[in-house]
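Results of the structural survey
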Amino acid sequence: MKRVLITGGAGFLGSHLCDRFIKEGYHVIAMDNLITGDLKNIEHLFKLPNFEFYHHDVSKFIHVPGELDYILHFASPASPIDYLKIPIQTLKVGSLGIHNCLGLARVKGARVLIASTSEVYGDPTVHPQPEEYWGNVNPVGPRGVYDEAKRFQEAMTMAYHTFHGLETRIVRIFNTYGPRMRLNDGRVLPAFIGQALRGEDLTMFGDGSQTRAFCYVDDLVEGIYRLLLSDYAQPVNIGNPDEITIKEFGEEIIKLTGTEQKLISLPLPTDDPKQRKPDITKAKAILGWEPKVSRSEGLKITYEYFKSLSKDELFKMAN
Ligand code: NAD
Ligand code: UDP
């Protein structure tokens, strides 16, 4: 049985990855310090003999007994309000955390896949963004703690690949959504759906003309799985190129939820990227991957998930 370590395994994406690797017959070790994650996301796996959970901060030395075939480094605060609240931990997990993972991988002879991000492109001046674009990041702006941590993480991973011959993979993830996102993580989808469910107006930042392209989580996980098993060590964008303005997105959520609330405009956060859309030519050519779930299908599933939360959770999580 192949053994995989997933850091950030109790988070949104990490927990979906745990599910996928369990389904594929792996022994899965999830490691998480629960700073933004939740054991609820993986509690259904606890009874399985091929699942283990380690409560540990990956920015500190990592010890995992036994063999490891793969390490997926997904630990990191991921939403702007999270990484603005804990900027130093964010920088540490993208630097010390990946260094620990890469060191562990050398000892175990494991292949490492890192969760990078479309944020390495910053506020892009090239649209859509291909992997060859180097980005437009403000290192000392509020988002710099996340963007630069991820850029460092890519550089460190590539250095281990080049200088130590380690097997590495880099996925640049574009905005992904689905069940198990936290209602209060500040990202636009849970923010809008939570507000609609609580009967509050939807808080659009700026005039809503900025764009994003949203990928359903199952599509992302499929792309990551294919990349891990491929022999391609350069970065690969995984995302859904179906681009939409935030204003249009808000209107879609209003229609989906049937809320009588309206969109209100709040100030645009500093350095908020004006447009974003993945160029997925590489993923198509190298992995034979493209997204299958339309936004309308994915949003319905995600809305059902948020509706299934108790009233207590809905209001408690809003604090
Ligand atoms: P999340 O906050 O739900 O998950 C992150 C997990 O990492 C949490 O469970 C958290 O407790 C854990 N963690 C954070 N610091 C840790 C540390 N020092 N030690 C151990 N565990 C730690 O966020 P997510 O959306 O699931 O994102 C997962 C990864 O994917 C992140 O690396 C993020 O940067 C990347 N990513 C996500 C998206 C997206 O749209 N969701 C886009 C681009 C990149
Ligand atoms: N946004 C918004 N209202 C909110 C939360 C976010 O209008 O309540 C906007 C935000 O300014 C950005 C877009 O939605 O332009 C996506 O934000 P998110 O935090 O989800 O992701 P990121 O900016 O990291 O792509």
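Note: the structure precedes this text.
Now for a description of the structure that goes with this document. For clarity, every value in this text was computed on a predicted model and none was experimentally measured.

1. Regarding helix H4 (residues 144-164)
When the terminal C-alpha atoms of H4 are compared, their 29 Å separation across 21 residues agrees well with the 30 Å that a helix rising 1.5 Å per residue should span. For H4, the full list of buried residues reads Val145, Tyr146, Asp147, Glu148, Ala149, Lys150, Arg151, Gln153, Thr157 and Tyr160. Considering only its buried residues, H4 is in contact with helix H2 (80-85), helix H3 (87-108), strand E5 (111-117) and strand E6 (168-173). Looking one or two residues beyond H4, the residue adopting positive phi is Gly165, at roughly 70°.

2. What about unusual backbone geometry?
For the bond running from His127 to Pro128, omega is -10°, close enough to zero to count as cis. Here Pro128 lies in the loop between E5 and H4. Although it is not a glycine, Arg180 sits at a positive phi angle of roughly 85°. Structurally, Arg180 is set in the loop between strand E7 (176-177) and helix H5 (188-198).

3. Regarding the site of ligand 2
By nearness alone, 15 residues border ligand 2, and Arg187, Val188, Ala191, Thr203 and Phe205 come closest of all. For the shell around ligand 2, the elements supplying multiple residues, two or more each, are H5 and strand E8 (202-205). Per-element accounting of the shell around ligand 2 gives the leading share, three residues, to E8. Among the residues making up the shell around ligand 2, the classes are represented as seven nonpolar, five polar and three charged.

4. Some points on the sheet that holds strand E3 (residues 51-55)
Spatially, E3-E2-E1-E4-E5-E6-E11 is the arrangement adopted by the seven strands of the open sheet, whose pairing is parallel. Looking along the sheet, the strands with just one partner apiece sit at the ends: E3 and strand E11 (235-238). Each adjacent strand pair in this sheet contributes to an overall mean axis angle of 20°, direction not counted. Where E6 meets E11, four bridges bridge the pair, whose relative direction is parallel. Across the sheet, Ile173 pairs through a bridge with Ile238, a residue of E11. Sheet contacts for helix H1 (residues 12-23): strand E1 (3-7), strand E2 (27-32), E3 and strand E4 (70-73); angle to E2, the most-contacted strand, approximately 170°.

Rules used throughout
- Residues numbered from 1 in each chain as written.
- Chains lettered and ligands numbered in written order.
- Predicted model: local features only at pLDDT ≥ 70, side-chain atom pairs only at ≥ 80, totals over all residues.
- Helix = DSSP H or I, 4+ residues; strand = E, 2+ residues; numbered from the N terminus.
- Expected span 1.5 Å × (residues − 1).
- Buried ≥ 20, exposed ≤ 12 C-beta atoms within 10 Å, placed from the backbone.
- Contact = placed C-beta atoms within 7 Å.
- Near = placed C-beta within 6 Å.
- Nonpolar A, V, L, I, M, F, W, Y, C, P; charged D, E, K, R; others polar.
- Pairing = 2+ DSSP bridges.
- Axes fitted to C-alpha atoms, helices over the stretch in contact; angles between N-to-C directions.

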